[in-house]
Amino acid sequence: MSQTNPRAFPTIADAARASGPPGEQLRHIVVEPGNYRSDALRYWGNAVITAAGGPGTVTVNCNGNYTLRVEGHVTLRGLTLHNWNVDGNVLEAVGGTLIVEQCELVSKSSRAISVWDGAELFVRHSRVHGGGIVYSDSAGLVEHTEVFDADLCGIAIRNASRVTVRDCRVQRAGEHGIWVAEGSTPLIERCEVEGSKSASILAQGHAKATVRDSRLRASGQCSLVVRDNASATAEECLITGSGAEGVWVTANGTLTARRVSIEDGKRHGALVDESSTADFEDCDIMQSVNCGLAVSGSGTARFTGGTITKSQFGASAANEGVLTLDRAKVSHNKSIGVAVDPGARVVLRDCTIMGNAGQGIVTADGAHVRMERVKSEANGADDILGIEIGAPADSRAATTATPAAPGAAAPETADTAPELSVDELLAELTAMVGLAEVKREIGKLVGLLRIAEQRRQAGLPSGPSIGRHMVFAGAPGTGKTTVARLYGRLLAALGVVPSGQFTEVSRGELVGQVLGETTQKTTAVFNKALGGVLFIDEAYTLSRRFGTGTDFGQEAIDALVKLMEDHRDEIVVIVAGYSAEMREFLTANPGLKSRISRTIEFENYSPAELTSITETLAEQYGFRLTGQAQEALVAHFQRVRRDETFGNGREARRVFEAAVEQQALRLSGQDGPASSEDLTLLLPEDFDGVVDNGLSARLGAVRDAGQLQAVLDRLSAMIGLEEVKSQVRDTIDLIAATRRRQQEGLGATPISSHLIFSGPPGTGKTTVARLYGELLAALGVLARGHFVEASRGDLVGQYLGHTTQKATATFNEARGGVLFIDEVYALARQFGANTDFGQEAIDTLVKLMEDHREEVVVIVAGYTDEMNDFLAANPGLASRFSRTIAFAPYGPDELVDIFISIAESSGFEVPASTRSAVHDHVTGQTERFDQGNGREIRKLFEAAQTAHARRIAQLERSGTQATRDQLQTLLPADVEEAR
């Protein structure tokens, strides 16, 4: 491939097409030094594409939805790849293998590389700029690579992906440096993550991340976040300069940290809350603005063998938090060493609390504290305040401390502190927001168990066995995990199970990779949960098959059924998931229904309940909402779509956390320090852009009049297309006028924004569609106005049901913007003798356009006659589109103007003689240009540009240096050679 050798291929696409059909032997494509332009290339074969002159000598520029999409096996070496499309990827891999070595990738979109559908991606010794690397249902390696200035996440690993990130630098990510989600299991080692606007590393959604020997620096918010049932192990790491917490473990997250240093946190060094667990072994926390280690909200933390120093407070526990300090040193903090608030439980064992500017240990009324061999001395105030030293060892007084003598029996720990009574636990359940049916069912079951126990004590038969195992069915975020924990404590208080311990697992903890391993893993988990509650979230995934090979989910189900029978009085099993999927799950083994006979449905929270949850969260953290802010919340929850992805309580938490961030930004921008009232009050403007996800049309004034006029000017500047411009302006004016009438309360029929673009290829349909989206965004009709281009291959699947998934995914990607489907008539055609799913795609689109009619604009394009066939494919199609805009072919003069426009934008001058040569070429090549195709004129320019480069190179090889005028002037000879 070369720009100068006439016998070589001029573009990668040409070389790839000539390399043979998919499935043939490996092809080698060698690219000579130069700057190349490429259209989007989709490649199914096996190839190695190498820069002949080494890294940095070959640059490929593209403005398509992707530069290269790999569905075979491709290796890239030494290339610099640019994609200037704000919605385009540089590289994509679908199901195949992509190896990127010594390359530089520059992206204008949030994604530089995307891989999915079982693909493998290996990136080595490369640089990625502007966009991130996204793994989804895929695997691979990122090694010795720098990812910087990503618009969103630097590296995203999601949907059960298996990835190793090693010896990499991720800098200045627009959101998270490395995001791990949805059951993914990455290894991150010897990496530096610096300057991320949100978290350096975020693990959530049942992910299991391992982070070793890495440096997390200067994150805008928390550096390491583990949440939403995720787990992480961090070893030999440095976390410094966090914008909030250095480490935050929340929402049932689990963290094991070994030999981790946490420094200079702008809030807490580490925070463990919301029923999460963290073990810190030989860790050091220092110089936090607030607290070194804070535990609250039923969080549990154990800190063993490390130091907490030079923070405002050393360690604190509050709001039912459980903290154990073992062989720890808490010293030289600016205020209190260890603070224990009401309701918290703390164990101090073999600890040294010394040199703190305030008290060593302070406890409030209602705190539970146990101490063993604790040295508290040389503190600025009382060494121990609020603890009665020398109380009886079995004392259960709330503020009792029990220093044990050497060799004495260990005192009661926080884990065995007094449990609440059944009535107190039922009151706790009653206090939860909503869940009326859940509360009724749990209360009924507790009543049955109480009566059974009374009958037993009276010497009467206890009656039929009461099924304790249950299905918790419902959408995410409806409190299933929280209620399951509480149910376990209730059963323990009733004496039904020995303890209320709670063991939560998902498919990954139960299912192995080889025959027999699943039974071993399931049995180990089950035995660990004996005496308490085993909670299996998303249990229906055990009955689904993943991939084409052997799947052992069924083996886990069969093992569970047997274990539940063998240990029926020793454990309670709760399986949870979506209602429909759980009904299917119960049919996976004949014994399941008989062992799990009770199903409790967790309904979606109502808008009022979600608002109440948000207010409760605010109160827990010392915030309150104004009346207008409450009204905005209710309106948001009434408007939001309740599909399968709606988070319920998680959405309430998201809204609250985002509003707190907005408040902080608002207050930081005002003059002078904020008052206490300001710091606690959330105003309506703190929810702006938070409670409205921005996908629906909002009735109001033009969002940006300047932008609207600027886009209209760009439309007017396009060559030709006068009728098209007129119709687009008319459509925009009609939409704007209709919205104004609605604002004034006048009758106005809503106007559909969907359009049909008919005409031959290369007549500007894609460009006008992009501008149309920007116009609607400026009007406030669309939230973002982004552009998603799709074809038949992006919408139609391979088997029954697959098409609906693909079409829905593509449609959802376009929500808030424009979905542009080129050559859409291909959906209405039958391909081959087998079942074709194009009609399924059309039917899916019709439904989605109705369900999301204010959230997306669909533009379909193609030849005029074929578009009529497409509209006849579904009775509802024609009514969805407001009008058809016809794109006429460009005339010869317009094609010449397009040539000159492209040339001038590329820095060339086109004298009159060259213009005449272009005109003669266009009028003389009637077969090529009679359809008025702008793409052909672009090809002519690119060929003329190549001829110009060849002419300049020949001149300079002869010993004459080209002048500036020669470098920028296209001559008639260049056009003639291009022919």
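So, how was this worked out
Residues numbered from 1 in each chain as written. Predicted model: local features only at pLDDT ≥ 70, side-chain atom pairs only at ≥ 80, totals over all residues. Heavy atoms only, no water. Helix = DSSP H or I, 4+ residues; strand = E, 2+ residues; numbered from the N terminus. Buried < 20%, exposed > 50% of the residue type's maximum accessible area, 1.4 Å probe, protein only. Contact = heavy atoms within 4.5 Å. Areas by Shrake-Rupley, 256 points an atom, 1.4 Å probe, with all protein chains shown as cover. Axes fitted to C-alpha atoms, helices over the stretch in contact; angles between N-to-C directions. Parallel < 35°, antiparallel > 145°, perpendicular 65-115°, else oblique. Left-handed = near helix turned anticlockwise from the far one by under 90°. Nonpolar A, V, L, I, M, F, W, Y, C, P; charged D, E, K, R; others polar. Pairing = 2+ DSSP bridges. Core = buried A, V, L, I, M, F, W, Y, C linked by side-chain atoms within 4.5 Å. pLDDT = per-residue confidence, 0-100. Phe/Tyr/Trp six-rings, centres within 6.5 Å; stacked < 30°, edge-to-face > 60°. Expected span 1.5 Å × (residues − 1). Arc of directions from axis to C-beta.

Please explain the overall build of the protein chain as it appears in this structure.
Within the protein chain, the secondary structure is distributed over 27 helices and 60 strands. Within the protein chain, the proportion of its 979 residues that are buried is 51%. Long-range pairs, those at least 24 residues apart, make up 53% of the contacts in the protein chain with a sequence separation of at least 6. A total of about 41,900 Å² of accessible surface is found on the protein chain, and carbon and sulfur atoms cover 49% of it.

I'm lost on the packing of helix H2 (residues 422–431) against helix H4 (residues 480–494) in this one. Help?
In a packed pair of helices, the relevant descriptors are the angle between the two axes and the axis-to-axis distance. Where H2 meets H4, the closest approach of the two axes is 9 Å, and the angle between their N-to-C directions is 165°. With respect to H4, the axis of H2 lies roughly antiparallel. As for the relative orientation of H2 and H4, their crossing is left-handed in sense. On the side of H2, the interface is formed by Val422, Leu425, Leu426, Glu428 and Leu429, while H4 contributes Val483, Leu486, Arg489, Leu490, Ala493 and Leu494. Split by residue class, the contact of H2 with H4 holds 9 nonpolar, no polar and 2 charged.

Quick question: what am I supposed to make of the sheet that holds strand S50 (residues 502–505) here?
Strands belonging to one sheet form pairs held by backbone hydrogen bonds; the direction of such a pair is parallel or antiparallel. Here 5 strands make up an open sheet; going across it, the order is S50-S51-S52-S49-S53 and the pairing parallel. What marks the edges here is a single partner per strand, and that holds for S50 and strand S53 (598–602). Looking at each pair of strands side by side, their axes are set apart by 20° on average, direction ignored.

Whenever I open this one, the sheet that holds strand S59 (residues 857–862) confuses me. Can you help?
Ordered by their spatial adjacency, 5 strands build an open sheet running S57-S58-S59-S56-S60, and the pairing between neighbours is parallel. Of all the strands in the sheet, the pair left with one neighbour each is strand S57 (787–790) and strand S60 (883–886). Sheet twist, expressed as the average angle between the axes of neighbouring strands with direction ignored, equals 20°. Strand direction decides the pairing type here: strand S56 (residues 755–758) and S59, joined by 4 bridges, are parallel.

Honestly, unusual backbone geometry in this entry has me stumped. Any pointers?
Backbone geometry places alanine 218, a non-glycine residue, at a positive phi of 50°. Within the fold, alanine 218 resides in the loop between strand S26 (215–217) and strand S27 (224–226). Among the residues examined, alanine 218 registers a relative accessible area of 40% and is labelled partly exposed. Within the chain, leucine 721 stands out as a residue other than glycine whose phi angle is a positive 60°. You can see leucine 721 is positioned in the loop between helix H14 (705–717) and helix H15 (722–743). Leucine 721 sits in the buried class, given a relative accessible area of 9%.

Where do I start with the nonpolar core in this structure?
In globular proteins that are soluble, nonpolar side chains generally tend to be buried together. Leu76, Leu91, Leu255, Phe280 and Leu325 are the most contacted members of the largest nonpolar core, which has 92 residues in total. Apart from residues no more than four positions distant in its own chain, leucine 91 is found in contact with Leu68, Leu76, Leu81, Leu98, Val100, Leu105, Ala112, Ile113 and Ser114.

Explain the confidence of the model for the protein chain here, please?
Regions with low pLDDT carry predicted coordinates that are not meant to be interpreted in detail. For the protein chain, the average pLDDT comes to 82, and 87% of its residues sit at 70 or higher. Counted against residues more than four places away or in other chains, residues 388–418, with its pLDDT under 50, gives 62 contacts. Taken together, the stretch residues 693–701 has pLDDT below 50 and engages in 23 contacts with residues farther than four places along the chain or on a different chain.

What exactly am I supposed to notice about the environment of asparagine 648 here?
Among the structural elements, asparagine 648 can be located in the loop between helix H11 (627–639) and helix H12 (649–668). Distance from asparagine 648 to isoleucine 613, taken between C-alpha atoms, is 9.7 Å for residues 35 residues apart in sequence.

Would you mind going over the packing of aromatic side chains with me for this structure?
Aromatic ring pairs are reported here in terms of the distance separating the ring centres and the angle at which the planes meet. Following the criterion strictly, the structure yields 10 aromatic pairs and no others. Measuring from ring centre to ring centre gives 4.8 Å for phenylalanine 757 and phenylalanine 887, while their planes differ by 50°; the resulting arrangement is tilted. With phenylalanine 757 in strand S56 and phenylalanine 887 in the loop between S60 and helix H22 (892–905), this residue pair connects regions lying 130 residues apart in the sequence. For the residue pair phenylalanine 757 and phenylalanine 887, the accessibility class agrees, reading buried in each case. Here the aromatic rings of tyrosine 825 and tyrosine 863 are separated by 6.3 Å at their centres, their planes lie at 40°, and the arrangement is tilted. With a gap of 38 residues between them, tyrosine 825 in the loop between strand S58 (818–821) and helix H19 (838–851) and tyrosine 863 in the loop between S59 and helix H20 (864–871) connect regions that are remote in the sequence. Taken together, the ring pairs in this structure connect Phe899, Phe908 and Phe941 into an aromatic cluster.

I would appreciate a short explanation of the environment of alanine 328 in the present structure.
Considering the arrangement of structural elements, one finds alanine 328 in the loop between strand S40 (322–326) and strand S41 (329–331). According to the relative accessible area criterion, alanine 328 is buried, its value standing at 3%. Considering only alpha carbons, one finds alanine 328 and phenylalanine 303, 25 residues apart in sequence, at a separation of 7.0 Å. Those residues in contact with alanine 328, other than ones at most four positions away along the chain, are Phe303, Gly305, Gly306, Asp350, Cys351 and Thr352.

Mind showing me how you'd approach helix H3 (residues 436–457) here?
The α-helix winds at 3.6 residues per turn, so residues separated by three or four positions along the chain end up facing the same way. Between its first and last C-alpha, H3 extends 32 Å over 22 residues, near the 32 Å set by a 1.5 Å rise per residue. Residues of H3 that are buried: Val438, Lys439, Glu441, Ile442, Leu445, Val446, Leu449 and Ala452. Axial view of H3: buried residues confined to an arc of 165°, hence all on one face. Residues of H3 that are buried sit in contact with H2, strand S49 (470–474), H4 and S53. Phi turns positive, to about 80°, at glycine 459, one or two residues after H3.

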